[in-house]
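If you want the building blocks of each chain, they are given just below.
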Amino acid sequence: MPTSAPTPPPLTGPIQLILPNGGQALMGNTVIDVAWGLVAEAGQVVRIELWNNLRRVEVLGYDWHPEGRGAAAVYLPLVPFGEDYRVRVVSMWAPELFDDSDAPLTITGGAVLVIWPNGGETWLAESE
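Residues numbered from 1 in each chain as written. Predicted model: local features only at pLDDT ≥ 70, side-chain atom pairs only at ≥ 80, totals over all residues. Heavy atoms only, no water.

J.: Report on the pairing of strand S5 (residues 56-64), specifying residues and quantitative values.
T.: Relative to S5, strand S4 (residues 45-51) runs antiparallel, the two sharing 7 bridges. For glutamate 49, the partnering residue across the bridge sits in S5 and is valine 59. Hairpin connection, S4 to S5: the antiparallel pair is bridged by 4 residues. (Pairing = 2+ DSSP bridges. Helix = DSSP H or I, 4+ residues; strand = E, 2+ residues; numbered from the N terminus.)

What follows is the structure, given as structure tokens:
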């Protein structure tokens, strides 16, 4: 007997971010799942953004679904460690309609790989 997908929660506003909705710890430089829902007046297309307490950090991607409920796998860039990040979904039909994670997300960083210079080079003062 096949199992059915869980019923999504009812929408509480014209647009709703369902996942990630806060409290999670995410690793930068990975792919994360984002789930969202819209009512008819908000359209069928969303822009997915990463914010911190100061500003929009990055546009993570776009998603579309004919029924106004979608899920997308988006790349979460390598960003500085922080406990004040939020994911935001914005209606592309009515940009004044958006929803953020209900609570902050923690994003941990990874090591930065320096490819060049890799050691042993000699640099002259005032050289480019």
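J.: I'd like a description of the environment of threonine 30, backed by residues and values.
T.: Within the secondary structure, threonine 30 is located in strand S3 (residues 30-38). Linking threonine 30 and proline 77, residues 47 residues apart in sequence, is a C-alpha distance of 7.0 Å. Contacts of threonine 30, omitting those with residues within four sequence positions, involve Val74, Tyr75 and Leu76. Looking at threonine 30, its side chain comes within polar contact range of the main-chain oxygen of methionine 27, at 2.5 Å. (Contact = heavy atoms within 4.5 Å. Polar contact = N/O pair within 3.5 Å; in protein donor to acceptor, adjacent residues only side chain to side chain.)

J.: I'd like a description of the sheet that holds strand S6 (residues 69-76), backed by residues and values.
T.: The 3 strands are arranged S1-S3-S6 in an open sheet whose pairing can be described as antiparallel. At either margin of the open sheet sits one strand with a lone partner, and together these are strand S1 (15-19) and S6. Taken over all neighbouring pairs, the strand axes of this sheet differ in orientation by 30° on average, direction set aside. (Axes fitted to C-alpha atoms, helices over the stretch in contact; angles between N-to-C directions.)

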